[in-house]
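Chain residues, written in single-letter form:
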Amino acid sequence: MKEQTVLAHAKVNLTLDILRRRPDGYHDLEMVMQSISLHDAVTVRTETGSGEIVVHAGREDLPSGPENIAWKAADAFFEAAGIVNDGVEITIEKHIPAAAGMAGGSADGAAVLRALREFLCPEMPDVELERIGARVGSDVPFCVHGGTALAEGRGERLTDLAPMPACSMVICKPDFGLSTPQLFGRVRVDDIARRPDHGAMKAALAAGDLSGVADALCNVFCEVLAEKERHEILHIRQVMLENGALNAVMTGSGPTVFGLFDKETAAQTAADALRREYAQVFLAEPVNQR
Ligand code: C5P
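Summary of the structure given here. (Residues numbered from 1 in each chain as written. Predicted model: local features only at pLDDT ≥ 70, side-chain atom pairs only at ≥ 80, totals over all residues. Heavy atoms only, no water.)

**A look at the overall build of the protein**
Thinking step 1. A count of helical and extended segments in the protein gives 9 helices and 12 strands.
Thinking step 2. The globule rule puts the C-alpha radius of gyration for 290 residues at 19 Å, and the 19 Å found for the protein is close to it.
Thinking step 3. Based on the C-alpha atoms only, the size of the protein along its principal axes is roughly 55 × 40 × 35 Å.
Thinking step 4. Counting only residues that meet the buried cut, the protein has 56% of its 290 residues in that class. (Helix = DSSP H or I, 4+ residues; strand = E, 2+ residues; numbered from the N terminus. Rg over C-alpha atoms; globule rule 2.2 N^0.38 Å. Buried < 20%, exposed > 50% of the residue type's maximum accessible area, 1.4 Å probe, protein only.)

See below:
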């Protein structure tokens with residue numbers, strides 16, 4: 001039996017733009033994604049002898065069977081690599097909030113792919129692993145890739161960008177969930193009023209200019225929130241801004257809001273203020289390698 005524990009880093013969207021609806025039902029996106037220090041720990045054991053994929057999901061409300069992205073990733077890996085599965089056991093220590101816009105499930109799937117590659121096909125290049133990831137979910141290729149990247153297409157076409165400058169982040173997930181397909185369903189691409197300025201974001205990253213990065217944060221999903229959702233997200237953003245955030249925005253299809261801080265003490269104060277109202281508040285920082 002072989003065993004390895006891999007850190008599965010969450011992501012935030014520094015930008016998210018929706019360009020068009022595609023004939024396959026997905027949308028072409030343009031987004032700057034950033035890995036962050038908040039992570040799950042995924043332990044993968046191979047050669048268990050069972051011939052099955054077994055997932056211990058870490059929380060009762062998360063699926064442990066084929067609906068779990070970690071399970072799908074293992075299945076897709078064996079199929080793509082043409083290797084017979086001699087039995088895999090995956091144990092997830094869950095810290096990333098689920099259904100939060102932080103790619104928590106995709107991060108676990110990517111961690112499984114990386115561990116299986118190391119055990120079974122160490123020569124497999126990253127692009128091939130990302131390709132397998134794309135079959136499992138739109139955010140999995142970025143989670144395999146990590147760092148700071150522009151993601152295009154469904155999210156699978158990745159271009160490295162200059163690493164995000166060091167900063168403190170406060171992350172707050174309100175107590176409601178948002179369904180990704182439902183939110184995509186609400187978007188009318190011709191009606192989007194304010195889109196991210198990717199030129200400004202890339203220039204700020206290249207210059208290591210944290211204020212410029214903060215100014216260029218933008219997520220078009222914010223325009224299709226229902227009134228109650230919008231109100232709560234703006235409230236969280238306001239608490240962050242009042243406590244010294246350079247800016248704050250919703251990540252992915254939400255509902256998590258993250259704020260960028262140039263002072264750790266301010267981030268700490270903002271997190272304390274939010275903890276009086278919200279159960280899921282985290283301090284984090286950008287991670288620029290896997
Ligand atoms: O690929 P994934 O399973 O993560 O996507 C979840 C849902 O989000 C899809 O079923 C689709 O409704 C929507 N989606 C989309 N365009 C993308 C990514 C996701 O419409 N690029």
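Now that the structure has been shown, the text picks up again.
**Side note on the sheet that holds strand E11 (residues 257-261)**
Thinking step 1. Reading across from one edge, E10-E11-E8-E12 is the order of the 4 strands in this open sheet, with antiparallel pairing throughout. Of all strands in the sheet, those bounded by a partner on one side alone are strand E10 (247-250) and strand E12 (280-284). Adjacent strand axes in the sheet meet at a mean angle of 20° when their direction is disregarded.
Thinking step 2. Pairing of strand E8 (residues 168-173) with E12 involves 5 bridges; the strand directions are antiparallel. Counted as the bridge partner of Val 170 is Leu 283 from E12.
Thinking step 3. Its contacts with the sheet place helix H8 (residues 227-242) against E8, E10 and E11, and it is angled at close to 15° to E11. (Pairing = 2+ DSSP bridges. Axes fitted to C-alpha atoms, helices over the stretch in contact; angles between N-to-C directions. Contact = heavy atoms within 4.5 Å.)

**Considering the site of the ligand**
Thinking step 1. Gly 25, Tyr 26, His 27, Leu 29, Gly 137, Ser 138, Arg 154, Thr 180, Pro 181 and Phe 184 make up every residue found near the ligand.
Thinking step 2. Here Ser 138 contributes a side-chain N or O atom positioned 2.6 Å from an oxygen atom of the ligand.
Thinking step 3. The separation between a nitrogen atom of the ligand and a polar main-chain atom of Arg 154 is 3.1 Å.
Thinking step 4. Surface burial for the ligand is 72%, taken as the share of its 450 Å² of free accessible area covered by protein chains. (Near = heavy atom within 4 Å. Polar contact = N/O pair within 3.5 Å; in protein donor to acceptor, adjacent residues only side chain to side chain. Areas by Shrake-Rupley, 256 points an atom, 1.4 Å probe, with all protein chains shown as cover.)

**Topic: the pairing of strand E5 (residues 88-93)**
Thinking step 1. Only one face of E5 is covered, namely the one carrying Val 88, Ile 90 and Ile 92; the face carrying Glu 89, Thr 91 and Glu 93 has none of its residues buried.
Thinking step 2. Bridge count between strand E3 (residues 27-46) and E5: 6 bridges; the pairing is antiparallel. For Val 42, the partnering residue across the bridge sits in E5 and is Ile 92.
Thinking step 3. Pairing analysis gives 4 bridges linking strand E4 (residues 53-56) to E5, with the strands arranged parallel. Note that in E5 the partner of Ile 53 across the bridge is Val 88.
Thinking step 4. Handedness of the crossover joining E4 and E5 through helix H1 (residues 69-81) is recorded here as left-handed. (Right-handed = clockwise from strand over helix to strand, strands pointing away.)

**Here's the deal with unusual backbone geometry**
Thinking step 1. Between Gly 254 and Pro 255 the backbone carries a cis peptide bond, its omega angle lying at 5°.
Thinking step 2. Looking at where Pro 255 falls in the secondary structure, it is placed in the loop between E10 and E11.
Thinking step 3. Phi is positive for Glu 47, which is not a glycine, with a value near 55°.
Thinking step 4. Structurally, Glu 47 can be placed in the loop between E3 and E4.
Thinking step 5. The phi torsion at Ala 99 lies on the positive side, around 50°, for a residue other than glycine.
Thinking step 6. Inspection of the secondary structure assignment puts Ala 99 in the loop between E5 and helix H2 (104-120).
Thinking step 7. Classification of Ala 99 by relative accessible area gives exposed; the value is 57%.

**Some details on the environment of Ser 211**
Thinking step 1. Tracing the backbone shows Ser 211 in helix H7 (residues 210-215).
Thinking step 2. Measuring from C-alpha to C-alpha, the distance between Ser 211 and Met 31 comes to 19 Å, with 180 residues separating the pair along the chain.

**Structural notes on the side chain of Asn 13**
Thinking step 1. Inspection of the secondary structure puts Asn 13 in strand E1 (residues 2-13).
Thinking step 2. The residues contacting Asn 13, other than those within four sequence positions of it, are Met 31, Val 32, Met 33, Gly 101, Val 249, Thr 251, Gly 252 and Phe 258.

**Notes on the nonpolar core**
Thinking step 1. Leu 14, Ile 36, Ile 90, Met 102, Val 112, Met 164 and Leu 260 are the most contacted members of the largest nonpolar core, which totals 63 residues.
Thinking step 2. A per-element tally of this core places H2 first, with 8 residues.
Thinking step 3. With sequence-adjacent residues up to four places away left out, Leu 260 is seen in contact with Met 164, Cys 167, Ser 168, Met 169, Leu 210, Val 213, Ala 214, Leu 217, Ala 245, Leu 246 and Asn 247.
Thinking step 4. In this structure, Phe 221, Met 240, Met 250 and Ala 271 belong to the second largest nonpolar core, which totals 38 residues. (Core = buried A, V, L, I, M, F, W, Y, C linked by side-chain atoms within 4.5 Å.)

**Examining the environment of Asn 13**
Thinking step 1. Asn 13 gets classed as buried once you look at its relative accessible area, which sits at 1%.
Thinking step 2. Here the alpha-carbon distance between Asn 13 and Cys 218, two residues 205 residues apart in the chain, equals 8.5 Å.
Thinking step 3. Within the structure, the side chain of Asn 13 is placed 2.6 Å from the side chain of Lys 11, a separation counted as a polar contact.

**Some words on the packing of H1 against helix H3 (residues 126-136)**
Thinking step 1. At a minimum axis distance of 9 Å, the contact between H1 and H3 shows a crossing angle of 130°. Our classification of the angle between H1 and H3 gives oblique. H1 and H3 meet at a crossing whose hand is right-handed. Where H1 approaches H3, its residues Ile 69, Lys 72, Ala 73, Ala 76, Phe 77, Glu 79 and Ala 80 are matched on the opposing element by Leu 129, Ile 132, Arg 135 and Val 136.
Thinking step 2. A per-class count over the contact of H1 with H3 returns 8 nonpolar, no polar and 3 charged. (Parallel < 35°, antiparallel > 145°, perpendicular 65-115°, else oblique. Left-handed = near helix turned anticlockwise from the far one by under 90°. Nonpolar A, V, L, I, M, F, W, Y, C, P; charged D, E, K, R; others polar.)

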